[in-house]
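So the chains spell out like this:
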Amino acid sequence: MTVTIVGSQLGDEGKGGVVDLYGDAADVVVRYQGGDNAGHTVVEGGETYKLSLVPSGAVRGKIGVLGNGCVINPRTLFEEIDSLRERGLDPDIRVAERAHVILPFHRVLDSIEEDVKSEDDQEVGTTGRGIGPTYEDKAGRRGVRIGDLLEPDVLRERLEYVVPQKRALVEDVYGLDPDDLEYPNAFDVDALHEEFSEYGRRLESMAVNAGQFLTEARADGKNVMLEGAQGTLLDIDHGNYPYVTSSNPTAGGACVGSGLAPGVVGDGEVIGIVKAYLSRVGSGPMPTELGGVVGDTPGYDEQGEGEHEELATYIREAGDEYGTVTGRPRRVGWLDMPMLRHAARASGFTGLAVNHVDTLAGLEEVKVGHTYTLDGEECRTVPATTEQWERCEATFRTFDGWPEQDWGAVAEAGYEALDENARVYLEYISDELDTPIYAIGIGPGREQSIVLDEPEY
Ligand code: IMP
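Rules used throughout
- Residues numbered from 1 in each chain as written.
- Predicted model: local features only at pLDDT ≥ 70, side-chain atom pairs only at ≥ 80, totals over all residues.
- Heavy atoms only, no water.
- 1 Å grid on protein atoms, 1.4 Å probe; cavity = no way out; pocket = protein on both sides within 12 Å on 5 of 7 lines; lining within 4 Å.
- Points joined across faces, edges and corners; volume = space filled by probe spheres on them.
- Nonpolar A, V, L, I, M, F, W, Y, C, P; charged D, E, K, R; others polar.
- Near = heavy atom within 4 Å.
- Polar contact = N/O pair within 3.5 Å; in protein donor to acceptor, adjacent residues only side chain to side chain.
- UniProt positions renumbered as here; feature names shortened; annotations may be inferred.
- Helix = DSSP H or I, 4+ residues; strand = E, 2+ residues; numbered from the N terminus.
- Contact = heavy atoms within 4.5 Å.
- Axes fitted to C-alpha atoms, helices over the stretch in contact; angles between N-to-C directions.
- Parallel < 35°, antiparallel > 145°, perpendicular 65-115°, else oblique.
- Left-handed = near helix turned anticlockwise from the far one by under 90°.
- Patch = residues over 30% accessible without salt bridge, like charges linked within 9 Å, V, L, I, M, F, W, Y side chains within 5 Å.
- Areas by Shrake-Rupley, 256 points an atom, 1.4 Å probe, with all protein chains shown as cover.
- Salt bridge = Lys/Arg side-chain N within 4 Å of Asp/Glu carboxyl O.
- Lys, Arg positive; Asp, Glu negative; His and termini not counted.
- Charge placed at Lys NZ, Arg CZ, Asp CG, Glu CD.
- Buried < 20%, exposed > 50% of the residue type's maximum accessible area, 1.4 Å probe, protein only.
- Phe/Tyr/Trp six-rings, centres within 6.5 Å; stacked < 30°, edge-to-face > 60°.
- Lys NZ or Arg CZ within 6 Å of the ring centre and 35° of its normal.
- Domains from an automatic or database assignment.
- Buried area = accessible area lost by both parts, 1.4 Å probe.
- Pairing = 2+ DSSP bridges.
- Expected span 1.5 Å × (residues − 1).
- Bend = angle between axes of the 7 residues up to and from the residue.

Peer 1: How do you make sense of empty space enclosed by the protein when you look at a structure like this?
Peer 2: Take a probe with the size of a water molecule and roll it over the atoms, and the empty space left behind shows itself. In this structure the tally under the stated criterion is two cavities of 30 Å³ or more. In this structure, the largest cavity occupies an estimated 40 Å³ of space. Around the largest cavity, the lining residues are N73, R75, I102, L103, P104, R107 and Y183. Across the lining of the largest cavity, the residue classes tally to four nonpolar, one polar and two charged.

Written as structure tokens, this is what we have:
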């Protein structure tokens, strides 16, 4: 069986740590969507690794596969591989020949479009990594794939088709000069060909037919873990469009984006990663939001605005809620149960890992958005349109807070050593989602976890 790791909220739930925690039994760890927009932090042996493209399992000596559903910026890939090598690791990375390549003009177009949208306050708040424009070209059948980089003639053909279109877009639609933008040579076929065919040479030994590679690995008895990036509400289909990324972090994406059959992924475990509260980078509704980084918190005005801010700042600092990729302060809110119900349905979680339980320690009380009220009606899950979601007001449940504990000792002693109030909170989550909790994160390191169960391979 396979084990698939899916973010149940808005990304940054601590997926990398869970992949690392359960990584021992895995031989191969696969990323199935996204690109270098994903930031994952892995703490191993006192060392902190901040990665954006390399699968986090690679830190533990697993084979890391970037599946066909990923979009790959070779510059980032090789920077990360080289920096891991400098730190004494020798990551074994395979890259799907069918994965699409992020070219420099994709980044340029990402930032131009965000600028244009921001004139009407419509920006998505992307990471600026060119993710959306690359998936657009994939769907538009004008993309460049990893396999094309290995064949210089094919690469030239692809570039000669697509680059003039992008030049025209920049000049005629946006009224800008493509040769006078922040990225030198982003729209120059010869320069792109030279740089990217060189990446092709380096990629030759790493490129694989991902579905076939993974199927053979499984036939050889190897355990495969599939690692989603971002989270359910950033899914292009199941998230809050248009404030989403351009791929499918939900479990369905794991088959399409890896080449393993739906029956294979569906037969395995799907672990939903939950942060004990909520954070968000970028725009979009957040009915349980605390504080006013962006917008107000509907339905939660029994406290003064100042108190919200203070609480949000407290949690942001305690949880180090700053973007791994961009450094942006994240918006912070209480746990949102309608969101988790939506995520559990979309991906079919067989187990949960709840992280950052230590971050909330010391608060007198902890709230959860239990349901929403939408136009006077109770709503138990996320509505399908963002406009409806914006109108949702959270109805909160209040839990008694739990104290700071010696988390190392708790991790060692196990679940019963966790303060009772924290256990009540966790059991509420598990009951609402009708899903067992497999692991509880009480600190950033792998050893700061309470493991209740192991997923089965
Ligand atoms: P993009 O993926 O860069 O196009 O950004 C689209 C949306 O997804 C924005 O709201 C980003 O902030 C968000 N996003 C992308 N990657 C991550 C991530 O790894 N964690 C959290 N949010 C992300």
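Now that the structure is up, let's keep going.
Peer 1: Would you mind showing me how to read the site of the ligand here?
Peer 2: Lining the immediate surroundings of the ligand are 17 residues, of which D12, N37, T127, T245 and V281 lie closest. One of the side-chain N or O atoms of T127 is found 2.6 Å from an oxygen atom in the ligand. Between an oxygen atom of the ligand and a side-chain N or O atom of R328, the distance comes to 3.3 Å. Classifying every residue of the shell around the ligand gives seven nonpolar, eight polar and two charged.

Peer 1: Please clarify how the UniProt feature "binding site: Mg(2+)" (unreviewed entry) in the chain should be interpreted in this entry.
Peer 2: The positions UniProt marks with the feature "binding site: Mg(2+)" (unreviewed entry) are D12 and G39. Look at the named residues: they lie 28 residues apart in sequence, but the longest C-alpha span between them is just 7.7 Å, so in the fold they bunch up. On the secondary structure map, D12 appears in the loop between β1 (3-7) and α1 (15-21). Apart from residues no more than four positions distant in its own chain, D12 is found in contact with K275, S279, V281 and R330. Structurally, G39 can be placed in the loop between β2 (28-31) and β3 (40-44). Discounting residues that sit within four places of it in the chain, G39 has contacts with L51, S52, T324 and V325.

Peer 1: In this structure, what is going on with the packing of helix α3 (residues 104-118) against helix α4 (residues 131-139)? I would like to understand it.
Peer 2: Packed helix pairs are specified by the crossing angle of their axes together with the interaxial distance, meaning the distance between the axes. Across the interface, α3 lies against α4 with an axial gap of 7 Å and an inter-helix angle of 115°. Between α3 and α4, the angle is such that the two are roughly perpendicular. The chirality of how α3 crosses α4 is right-handed. On α4, the residues that touch F105, H106, L109, D110 and E113 of α3 are I131, P133, T134, E136 and D137. Considered class by class, the residues forming the contact of α3 with α4 number four nonpolar, two polar and four charged.

Peer 1: It is not clear to me how a negative patch on the surface should be interpreted in this structure. Could you clarify?
Peer 2: On the surface, a cluster of negative charge is contributed by D115, E119, D120 and D121. One can find D120 in the loop between α3 and α4. The exposure class of D120 is exposed, given its relative accessible area of 53%.

Peer 1: How do you make sense of the packing of aromatic side chains when you look at a structure like this?
Peer 2: How two aromatic rings sit relative to each other is given by the distance of their centres and the angle of their planes. Taken as a whole, this structure holds six aromatic pairs when the rule is applied. With a centroid separation of 5.9 Å and 20° between ring planes, the pair formed by F78 and Y199 is classed as stacked. Residue F78 is found in helix α2 (residues 74-86), and its partner Y199 is found in helix α7 (residues 189-203); the two are separated by 121 residues along the sequence. Side by side, F78 and Y199 carry an identical accessibility label, which is buried. Here the aromatic residues F399, W402, Y425 and Y428 are joined through ring pairs into a cluster of three or more. We note R423 situated over the ring of Y415; from NZ or CZ to the ring centre the distance is 6.0 Å.

Peer 1: Honestly, the domain arrangement of the chain in this entry has me stumped. Any pointers?
Peer 2: For an interface, size is often stated in terms of accessible area lost upon the parts coming together. Under the domain assignment used here, the chain contains domain 1 (2-93 + 207-273), domain 2 (101-202) and domain 3 (274-451). Taking only C-alpha atoms into account, the centre of domain 2 sits 37 Å from that of domain 3. With six residues of domain 2 at the interface, the matching set in domain 3 holds five residues. Taken as a group, G125, T127 and R129 account for 69% of the area that domain 2 buries against domain 3, more than any other trio of residues on that side. Applying the counting criterion to the domain 2 and domain 3 interface returns zero salt bridges. Scanning the region where domain 2 abuts domain 3 turns up three residue pairs in polar contact (both at pLDDT 80 or more).

Peer 1: What is the right way to read the sheet that holds β2 from this model?
Peer 2: Backbone hydrogen bonds are what pair the strands of a sheet, in a parallel or an antiparallel way. Within the open sheet, the ten strands sit side by side as β9-β7-β5-β2-β10-β1-β11-β16-β20-β21. Their pairing is mixed. Only two strands of the sheet have a single neighbouring strand rather than two, namely β9 (207-208) and β21 (449-451). Pairing between β1 and strand β11 (residues 269-275): five bridges, direction parallel. Looking at the pairing, V3 lines up with E269 of β11.

Peer 1: Can you help me understand helix α6 (residues 152-173) in this one?
Peer 2: One turn of an α-helix holds 3.6 residues; hence residues three or four places apart share an orientation. Given a rise of 1.5 Å per residue, 22 residues ought to cover 32 Å, and the 31 Å separating the end C-alpha atoms of α6 matches this to within 8%. Roughly 25° is the biggest bend found in α6, and it falls at L159. When α6 is considered as a whole, its buried residues turn out to be L155, L159, V162, V163, K166 and V170. In the core, the buried residues of α6 are packed alongside α3, α4, α5 (146-149) and α7. Immediately beyond the C-terminal end of α6, within one or two residues, lies G175, with a positive phi of roughly 65°.

Peer 1: Sorry, what's going on with unusual backbone geometry here?
Peer 2: Trans peptide bonds make up most of the peptide bonds, and negative phi angles are found at most residues other than glycine. For the bond running from Y241 to P242, omega is 5°, close enough to zero to count as cis. Inspection of the secondary structure puts P242 in the loop between β10 (224-227) and α9 (251-256). The phi dihedral of N185 falls on the positive side, at around 65°, and the residue is not glycine. Checked against the element boundaries, N185 lands in the loop between α6 and α7. Residue N185 is classed as partly exposed on the basis of its relative accessible area, which comes to 46%. At D320, a residue that is not glycine, the phi angle is positive and equals roughly 50°. For D320, the location among the structural elements is in the loop between α11 (305-318) and β14 (331-333). Judged by its relative accessible area of 51%, D320 is exposed.

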